Amino acid sequence: MGWYILIFGLLSVLLVFAGVAALGKRKRELGDMERTMHMGEGHTHDPALAHPAAQKHETGIKETGASGGVFRKEGLGAKVKHLFHGGGRTDTWSGLEDLLLKADLGPKAATDLVNRVKADYKGGANVEELVHREILEMLGPDEPLHLNDGLNVVLVVGVNGAGKTTTIGKLASRLSLEGKNVSLAASDTFRAAAGEQLEIWAKRAGAHLVAQERGADPGAVAFDAVKAAEARGSDVLIVDTAGRLHTKAPLMDELGKIKRVIEKAGAQVMETLLVLDAQTGQNGIAQARAFTDAAEVTGVVLTKTDGSAKGGVLLAVREELGVPIRFVGVGEALGDLRPFEAAGFADRLLSG
């Protein structure tokens, strides 16, 4: 009789272990299914449902940091004053141009700025004030994003490594805090892990993400994203694009196709933002010119100004590419994307 009780007890224990194992397996299968859905075709991720922007709360943004960029080295003010201590001689003007070139303005911007200051200069004038004024003239008025009622599509372009995905996440967060309902389209299906990175930023920013598996057609992702954004009443759809830059023709074809597909889906590209790394200096401008040729760029976002030693590249970008600076990246945090202010940039460049 004792043997029956022992056997019955052992069987009961085995059944309990089997049940626990089956439950664990089921949980793993559900987890795998969820991950597959996240990476599968037509995946949408929607953390914005729990985000304040979904209820259109006007929270406002408390700005901290420099909206002209936070370049590391000292400004040019003291050097310009010292240079003109003896008046505006011939060697003084060439010295000013050398200072500007060393600050990474680039040949065109440096020459143009010197010629402008020289034309207005009179003996005893405050050269620092003249330079400040001409910088503001060259940069033009500060221009925020142009957004209308309804769905606004923002196309984001730039070379790999410039901080494009990070910028999209920061911009999505900023727009959400302004009360906008934001969607993201992961149309960079070429680069490994691009979709996963954008999904992380979407969660942080409280934005709705539309993505497909790697290698999917970028235009198809953009089309689905427009329809999904319209269905959920989004105010802004930010579209990520591939950053490879082999030759101009394929790049132009792909960007042009994405834009045409967006228009076919019933939306309009309101802004095309070019993301440019401040640390690449003049080398980055040459690459950026290819993007301005391939797409109708309406504004520039200059990233990593906190790690760049020279601020003049910002003026060079404006002068060389002929488009306004919309935002500057001033750090790694989610809120470290600032609307560009020309006056703040001029003050910083000429500080010291």
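The structure we're discussing is the one just above.
First, a word on scope: everything that follows refers to the structure included in this document. A quick note: this is a predicted structure, and the numbers were derived from the prediction, not measured. (Residues numbered from 1 in each chain as written. Predicted model: local features only at pLDDT ≥ 70, side-chain atom pairs only at ≥ 80, totals over all residues. Heavy atoms only, no water.)

1. Things to note about the packing of helix 6 (residues 164-177) against helix 7 (residues 194-205)
Contact pair helix 6 / helix 7: the axes reach a minimum separation of 9 Å and the direction vectors enclose 20°. Here helix 6 lies roughly parallel to helix 7, going by the angle between them. The interaxial crossing formed by helix 6 with helix 7 has right-handed handedness. Contact with helix 6, carried on its side by Thr-165, Thr-166, Ile-168, Gly-169, Lys-170, Ala-172, Ser-173 and Ser-176, involves Gln-197, Leu-198, Trp-201 and Ala-205 of helix 7 and no other residues of that element. Residue classes in the contact of helix 6 with helix 7 are distributed as 5 nonpolar, 6 polar and 1 charged. (Axes fitted to C-alpha atoms, helices over the stretch in contact; angles between N-to-C directions. Helix = DSSP H or I, 4+ residues; strand = E, 2+ residues; numbered from the N terminus. Parallel < 35°, antiparallel > 145°, perpendicular 65-115°, else oblique. Left-handed = near helix turned anticlockwise from the far one by under 90°. Contact = heavy atoms within 4.5 Å. Nonpolar A, V, L, I, M, F, W, Y, C, P; charged D, E, K, R; others polar.)

2. Digging into the nonpolar core
Counting residues in each nonpolar core, the largest one holds 76 residues, and the members touching the most others are Leu-113, Ile-135, Leu-184, Ile-238 and Val-317. Contacts of Leu-113, omitting those with residues within four sequence positions, involve Leu-100, Leu-105, Val-131, Glu-134, Ile-135, Met-138 and Leu-315. With 17 residues, the next largest nonpolar core counts Ala-225, Leu-237, Ile-262 and Val-269 among its residues. (Core = buried A, V, L, I, M, F, W, Y, C linked by side-chain atoms within 4.5 Å. Buried < 20%, exposed > 50% of the residue type's maximum accessible area, 1.4 Å probe, protein only.)

3. Things to note about the side chain of Thr-305
As for its placement among the helices and strands, Thr-305 is situated in the loop between strand 7 (299-303) and helix 11 (312-321). Polar side-chain contacts of Thr-305 include one of 2.7 Å to the backbone oxygen of Gly-329. (Polar contact = N/O pair within 3.5 Å; in protein donor to acceptor, adjacent residues only side chain to side chain.)

4. Structural notes on helix 12 (residues 342-349)
Three or more residues of helix 12 are buried, namely Ala-342, Phe-345, Ala-346 and Leu-349. Take helix 12 and look down its axis: the buried residues cluster within an arc of 100°, on one side only. Buried residues belonging to helix 12 abut helix 2 (77-83), helix 5 (127-139) and helix 11. (Arc of directions from axis to C-beta.)

5. Comments concerning helix 3 (residues 90-102)
Since the α-helix advances by 3.6 residues per turn, residues separated by three or four positions end up pointing in the same direction. Between its first and last C-alpha, helix 3 extends 19 Å over 13 residues, near the 18 Å set by a 1.5 Å rise per residue. Along helix 3, the residues that are buried comprise Thr-92, Trp-93, Gly-95, Leu-96, Leu-99 and Leu-100. Looking straight down helix 3, one finds that the buried residues subtend no more than 160° of arc, so they occupy a single side. Opposite the buried face of helix 3, at more than 90 degrees from it, the exposed residues are Thr-90 and Lys-102. Of the surrounding elements, those touching the buried residues of helix 3 are helix 2 and helix 4 (107-120). Of the residues flanking the end of helix 3, it is Asp-104, one or two places downstream, whose phi is positive at about 75°. (Expected span 1.5 Å × (residues − 1).)

6. Some thoughts on the environment of Asp-188
Position of Asp-188 relative to the elements: it lies in the loop between strand 3 (182-186) and helix 7. With relative accessibility at 4%, the residue Asp-188 sits in the buried group. For the pair formed by Asp-188 and Gly-243, sequence separation is 55 residues and the distance between their alpha carbons is 7.6 Å. In this structure, Asp-188 is in contact with Asn-160, Lys-164, Ala-194, Asp-240, Thr-241, Ala-242 and Gly-243, ignoring residues within four places of it in sequence. A polar contact is formed between the side chain of Asp-188 and the backbone nitrogen of Arg-191, at a distance of 3.3 Å.

7. A word on the pattern of salt bridges
This model, assessed by the stated rule, comprises 16 salt bridges. Its salt-bridge partner being Lys-164, residue Asp-188 comes within 3.9 Å of it at the nearest N-O pair. Within this pair, whereas Asp-188 is found in the loop between strand 3 and helix 7, its partner Lys-164 is found in helix 6, the two being separated by 24 residues in sequence. Here Asp-188 matches Lys-164 in class, with each residue buried. Salt bridges here are not isolated pairs; linked through shared partners, they connect Lys-164, Asp-188, Arg-191 and Asp-240. (Salt bridge = Lys/Arg side-chain N within 4 Å of Asp/Glu carboxyl O.)

As far as function goes, none of this settles anything; it's purely spatial.
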